[in-house]
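Residues per chain, in single letters:
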Amino acid sequence: LSLVRTNMPSRMGRRPRKRRSVSMWLAKADRHDLAPTRLNVSLLASQLRDEHIWLKSRANRWASPWLYAGATGRGRDQFYRRCVDENYSQYCHRDSPLPPQPGAATPVLTGGAWHFAAPNRQVAAGEAAEAACPARCAEGGVCAMPLADAVVPLARCDCGPYRWGPDCSLPVLTHRRCIHNDSQPWKCEQRLCGPEDERRERDASVIDKNGARVDLVAQGRCGVWHSLPPSLCPAGCNGRGRCTGTAGRPMCMCFPGFAGASCEPLSSNCMRDCSGHGACLDGFCHCTLPYSGIDCAHHPTAPIRCSARPCVYVYDLPARLNSLGSNHNSQWRHRSMGETQRKAPWLFLEGLLDSGHRTTVAAEADYFYVPFHDWHGCWGPNAPIYRAHRYISTVYPFYNASRGSDHLWFLQRDAGSCSTLWGSVRDELSLGTVLQHWGGTTGLFGKVEKRCYRRGQDLVVPSAMNPDRITKSPFWPVLEPRAPPPARTTTLFFSGALCWPTWTKARDLGALEKKCATSFTGRPKSDYRPPVKRYSFGHRYSLWQRFRDRRGYRFLPSDYLPAVNRSLSLDDEILRAQYCLAPSGAGWGMRAVHALVLGCVPVVVQHDGAHDPVAQAFEHDLLDWDDFAVLVRHDELPQLDRVLERTDLRAKQAGLRRVWTRMVWRRWLPQKRRGELPGTDAFETIMQLLAARVTPLTEARREAHLVPRRP
């Protein structure tokens, strides 16, 4: 609720009359776990017309990522901080209009790109796209013709970074942490203004006191300013920065991803370096016609054929659904940029695009992969999933033909595909295969949620790990002199937060006890936005209480200040430990994989006693984790020390050596070291498992129309 700010303007200097604000209604919904649709919608709508609502995000003061438009009727001006289940799904779908039909005269913005009714398909390659798109589209973007399998012949004008409009001719500043909104084209793309503009406004659109939307761009006003005319700066900053300084010394203030006197691209961070058919601009491939796609490999008359099973058709999505998506990181390949463990979807996509499994011929495809960029973290709106689903189910025929049973999705969220405060993805992913890091049937609240991990249908895959850590593995082939690994003198090691929120530090035992009690019960507190109930199933704190003083057990909680070790070398500690505690947190974590690769036997304590234990990477499909890890059930936790004493350590360590490479993403290693990995990696393991499912999947397709729709 900290994201919601209400300002009730006074009338004629009088104090505003007392009435329940929207914030109070949303607070009530939080306390009683009510869906917004159960509130009095008419009352909400009337109050929103009287109140001046401002939505702010701590990470972005220009535009709130929780704001959506496109609803109709009396709920037109409603702002939902959260929506749930089918109501949210339907609401968000209204934000992605259907593509234009043949003969349409005006373009349609859907999926974050403008679509135009294309001429006859028989036009020569490249000419069809040029004929349908505006003349200037190719200057600031890519004019792409969807592949021959598209339902409707369309041309798509896909704007590059810091370019916007139906012809990509307008220079803009893109808000990186803003969710693109088709019904509000200027919500995330803010026009660059010059000195000739009359007013300096921060936002491209605002809400007046009557709840009506005021479009400043349509009125000739905009928000991000050049202090000088762009023509005074070198090459006008190429539309990738602001012209600042003085008339005598103009200079470009470049946007992220660009640098230099005229804002040139920093480095190549595009998929497959655009296949040699385009220029890389901040993660976006500016393709040369007639090539298009996320890596400029799509050609209307030269299809890509599969050479290895399973064959996977990779959808060609608009850039603002993947390479320029919400919260995207164009510098993802740089190890120091972003969270390493959350880069697995990009590594999987890059490996797929560069492998013999890829095809653009739908008839030979075993699977269809949706390469969307998801919102990562514990939580976040499901809009990226909804909009990607809307796009593939309206532009292409494949999803509807199989009801998604042959579709692959990759979700990196902490609770995987489980429902959250922002809704359910049950309808969109009901029959599809989800690659995810979380193998639990419970979500952030410690209870069974809709569309969580499904054994036999989904795949639990390992997260990415820093390459420098991988090469420290005692199993890594010794090709050059290095120091011998240290002796493993620590019996059990753990480092990390004990309770939620992880950033709140306790100064004494009393404060830690109070914090952990709240963390497990999920009682409302200002630091809990939104609340995470049953953090780590309560295991971290209970084990620390019981075993922190036991000889050989080394606990270093990061949220208990007296125990914080600022000189801690996590890798060295793991290399000196025999066993490493691997509990869950607010969802999946990478402790089990980290410990496994560095030769420490993972002690997996991810069982709440009421549901199935959380499945680990490739468990149930290929690997038996009991061969190389210690799997501790809920009722065994008080006797953890006895469990470890009965364990055959040498046998577990031998098991680690057999499987450790399957937890590593080969493409994340430096190019010269990829060939040194002595075994099958994570990507290759995924493809092996998918290949084994091809025959059952074919049978499932035949009966897909008999599968009843879940209520």
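The coordinates are above.
The paragraphs below set out a description of the structure included in this document. (Residues numbered from 1 in each chain as written. Predicted model: local features only at pLDDT ≥ 70, side-chain atom pairs only at ≥ 80, totals over all residues. Heavy atoms only, no water.)

Here's the deal with the state of the cysteines
1) Next: Applying the stated criterion across every chain yields a total of 13 disulfides.
2) Next: Linked covalently through their sulfurs, C159 and C168 form a disulfide whose S-S length is 2.2 Å. Every disulfide takes its handedness from the sign of the S-S torsion; for C159 and C168 that torsion is -90°, giving left-handed. No difference in accessibility class separates C159 from C168, as the two residues are buried.
3) Next: Each disulfide pairs two cysteine sulfurs, and for C270 the partner residue is C280, the sulfurs being separated by 2.1 Å. Taking the sign of the torsion about the S-S bond as the criterion, the disulfide between C270 and C280, at about 90°, is right-handed. Here C280 lies in strand β17 (residues 278-281) and C270 lies in the loop between β16 (264-265) and β17, a separation of 10 residues in the sequence. Each member of the pair, C270 as well as C280, is classed as buried. (Disulfide = S-S within 2.5 Å. Buried < 20%, exposed > 50% of the residue type's maximum accessible area, 1.4 Å probe, protein only. Helix = DSSP H or I, 4+ residues; strand = E, 2+ residues; numbered from the N terminus.)

Points about the sheet that holds strand β3 (residues 108-110)
1) Next: Taken in spatial order, the 4 strands line up as β3-β4-β6-β5 in an open sheet, and their pairing is antiparallel. Unpaired on one side and paired on the other, β3 and β5 (141-144) mark the two borders of the sheet. Taking the axes of each pair of neighbouring strands and ignoring which way they run, one obtains an average angle of 25° across the sheet.
2) Next: Judged from the 4 bridges that link them, β5 and strand β6 (residues 154-159) form a sheet pairing that is antiparallel. (Pairing = 2+ DSSP bridges. Axes fitted to C-alpha atoms, helices over the stretch in contact; angles between N-to-C directions.)

Things to note about empty space enclosed by the protein
Here the idea is plain: a probe the size of a water molecule rolls over the atoms and shows the empty space left.
1) Next: For the structure on display, the rule yields 14 cavities of 30 Å³ or more.
2) Next: Reported here for the largest cavity is a volume of approximately 170 Å³.
3) Next: Lining the largest cavity are 19 residues, with H437, W588, G589, A592 and Q616 positioned closest to its centre.
4) Next: Those elements giving two or more residues to the lining of the largest cavity turn out to be β27 (577-583) and α14 (591-597).
5) Next: When residues of the lining of the largest cavity are assigned to their parent elements, the largest contribution, 3 residues, is made by α14. (1 Å grid on protein atoms, 1.4 Å probe; cavity = no way out; pocket = protein on both sides within 12 Å on 5 of 7 lines; lining within 4 Å. Points joined across faces, edges and corners; volume = space filled by probe spheres on them.)

Points about the sheet that holds strand β28 (residues 601-605)
Backbone hydrogen bonds are what pair the strands of a sheet, in a parallel or an antiparallel way.
1) Next: Taken together, 5 strands build an open sheet; the order of strands is β26-β25-β27-β28-β29 and the sheet is parallel. Two strands in the sheet have a free side with no partner beyond their single neighbour: β26 (553-557) and β29 (630-631).
2) Next: By the bridge criterion, 2 bridges tie β28 to β29 in an arrangement that is parallel. Paired with V603 across the bridge in β29 is V630.
3) Next: Taken strand by strand, helix α12 (residues 539-547) contacts β25 (490-496), β26, β27 and β28, and its axis lies near 130° from that of β26. (Contact = heavy atoms within 4.5 Å.)

Some remarks on the packing of aromatic side chains
1) Next: Taken as a whole and judged by the stated rule, the model has 24 aromatic pairs.
2) Next: Pairing Y162 with F255 gives two aromatic rings, centres 4.6 Å apart and planes at 40°, and the pair type is tilted. Here F255 lies in the loop between β14 (250-254) and β15 (258-259) and Y162 lies in the loop between β6 and β7 (163-164), a separation of 93 residues in the sequence.
3) Next: On the accessibility criterion, Y162 (1% relative accessible area) is buried.
4) Next: Both rings, one in F372 and one in W409, keep their centres 5.8 Å apart while their planes meet at 65°; by these two values the pair is edge-to-face. (Phe/Tyr/Trp six-rings, centres within 6.5 Å; stacked < 30°, edge-to-face > 60°.)

What to know about the pattern of salt bridges
1) Next: Evaluation of the coordinates by the stated rule reveals 28 salt bridges.
2) Next: Across the pair R305 and E364 runs a salt bridge whose closest N-O atoms are separated by 3.2 Å. One end of the pair, R305, is in the loop between β18 (284-287) and β19 (312-314); the other, E364, is in the loop between β20 (358-359) and β21 (367-369), with 59 residues separating them in the sequence.
3) Next: We classify R305 as exposed; its relative accessible area is 54%.
4) Next: Residues participating in the shared-partner salt-bridge network are R272, D295, E350, D354, R358 and R667. (Salt bridge = Lys/Arg side-chain N within 4 Å of Asp/Glu carboxyl O.)

Details of the pairing of β6
1) Next: Burial within β6 is extensive, with 6 of its 6 residues counted as buried.
2) Next: Burial along β6 is two-sided: the residues L154, R156 and D158 and A155, C157 and C159 are all buried.
3) Next: Looking at chain direction, strand β4 (residues 113-117) and β6 are connected through 4 bridges and run antiparallel. Pairing of W114 across the sheet is with C157, part of β6.

Distances and angles like these do not, on their own, reveal function.
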